Amino acid sequence: YSLAAAAAALRQMSQARHVGKVVVSNSLSSQPCARLGRVVVTGGLGALGSLVAAWLSSHGVQQLQLLGRAGKLQHSSSILQLLGTNGSSSQVIISQCDGGSSEDLAAAINNSGSSGLLPVELILHAGGVLADATLQQQQLRGVRQVVAAKLSPVAGLLCACAQQPVRSVVLFSSVASLLGSPGQSNYAAANAGLDAAATSAQVCGIPAVSVQWGAWSGGGMAAGYVQTAARVERMGMSLISPA
């Protein structure tokens, strides 16, 4: 049964008309994307953010709100062109937003004064930057850069969704959090923070999940760093294709 039919599930159980367990599911994967109202993607103007946005658009999401720190027109135009190639009728909203600022996030996500905005039902945090260095060469500036893009927005996102009927919050973490990654101690630590934040959110009743992605080919940060891609291959992991 779906969660909306929980009463019917309880009725079947109370009448002993079942064999085994009665299962009530609230899985997001069982809900067609076309039924989703507004989907917010942080890092939405980046490689992975735009990739996910195009995928959601092809599945008929009603509203896509892409948040980006720069919000530059040239990036926005290319993304809109990408979204337009799949023939989707999704409404695309591009918002300039510093994910590390709780005020910016609250204004972009809640924005109750704007007409036409649907309630937020799904939040995907796909932002991130690399500032690689060996541990001996690692500097505070590089740590701050990575943490600001990866970890700093999480508190604001979770706070903003407290007033929204959010079905799920998906944080884009990295396998570097699980296995470690030479030269990326700051990146591994920031992603471990994402994983911990998702666990803490679940304890508080927020439907959050952290996905430890591998390196992507044809997009993502690793594609722009030949050494990073080569290191992934040496570890025995192939790159993830966008498809």
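Structure report, in brief. Quick caveat, the model's predicted, so the values are computed rather than measured.

1. Concerning the packing of helix 5 (residues 140–150) against helix 6 (residues 152–160)
Point 1. Two elements in contact, helix 5 and helix 6, have axes separated by 4 Å at closest approach and are oriented at 20°. In this view, helix 5 runs roughly parallel relative to helix 6, as classed from their interaxial angle. Residues Val147, Ala148, Ala149 and Lys150 of helix 5 form the contact with helix 6, whose own contacting residues are Ser152, Pro153 and Val154.
Point 2. Residues of the contact of helix 5 with helix 6, tallied by class, amount to five nonpolar, one polar and one charged.

2. Considerations on the environment of leucine 239
Point 1. Here leucine 239 is to be found in the segment after helix 9 (226–234).
Point 2. Accessibility expressed as a relative area gives 25% for leucine 239, which makes it partly exposed.
Point 3. In sequence terms leucine 239 and serine 217 are 22 residues apart; their C-alpha atoms lie 5.5 Å from each other.
Point 4. Not counting chain neighbours up to four residues away, the residues in contact with leucine 239 comprise Ala215, Trp216, Ser217, Ala229, Val232 and Glu233.

3. Notes on unusual backbone geometry
Both trends apply: most residues other than glycine have a negative phi, and most peptide bonds are in trans.
Point 1. Phi is positive for alanine 16, which is not a glycine, with a value near 55°.
Point 2. Note on placement: alanine 16 falls in the loop between helix 1 (6–14) and strand 1 (38–42).
Point 3. By relative accessible area, which is 58% here, alanine 16 ends up exposed.

4. Here we look at the nonpolar core
Point 1. With 21 residues, the main nonpolar core has Ile109, Ile123 and Val169 as its most contacted residues.
Point 2. Of all the secondary structure elements, the ones that give two or more residues to this core are helix 4 (102–109), strand 4 (120–125), helix 6, strand 5 (168–174) and helix 8 (185–203).
Point 3. For valine 169, the contacting residues outside a window of four places in its chain are Ile123, Leu158, Cys161, Ile206, Pro207, Ala208 and Val209.
Point 4. Among the nonpolar cores identified, the runner-up in size contains 18 residues, and Cys33, Leu36, Val52 and Ala126 belong to it.

5. With respect to the pattern of salt bridges
Point 1. Within the structure shown, the criterion is met by two salt bridges.
Point 2. The salt bridge partner of arginine 69 is aspartate 98, with a shortest N-O separation of 3.5 Å. Taken together, the residues arginine 69 in the loop between strand 2 (63–68) and helix 3 (73–84) and aspartate 98 in the loop between strand 3 (91–96) and helix 4 connect sequence positions 29 residues apart.
Point 3. You can call arginine 69 exposed: its relative accessible area is 53%.

About the cut-offs
Residues numbered from 1 in each chain as written. Predicted model: local features only at pLDDT ≥ 70, side-chain atom pairs only at ≥ 80, totals over all residues. Heavy atoms only, no water. Axes fitted to C-alpha atoms, helices over the stretch in contact; angles between N-to-C directions. Helix = DSSP H or I, 4+ residues; strand = E, 2+ residues; numbered from the N terminus. Parallel < 35°, antiparallel > 145°, perpendicular 65-115°, else oblique. Contact = heavy atoms within 4.5 Å. Nonpolar A, V, L, I, M, F, W, Y, C, P; charged D, E, K, R; others polar. Buried < 20%, exposed > 50% of the residue type's maximum accessible area, 1.4 Å probe, protein only. Core = buried A, V, L, I, M, F, W, Y, C linked by side-chain atoms within 4.5 Å. Salt bridge = Lys/Arg side-chain N within 4 Å of Asp/Glu carboxyl O.

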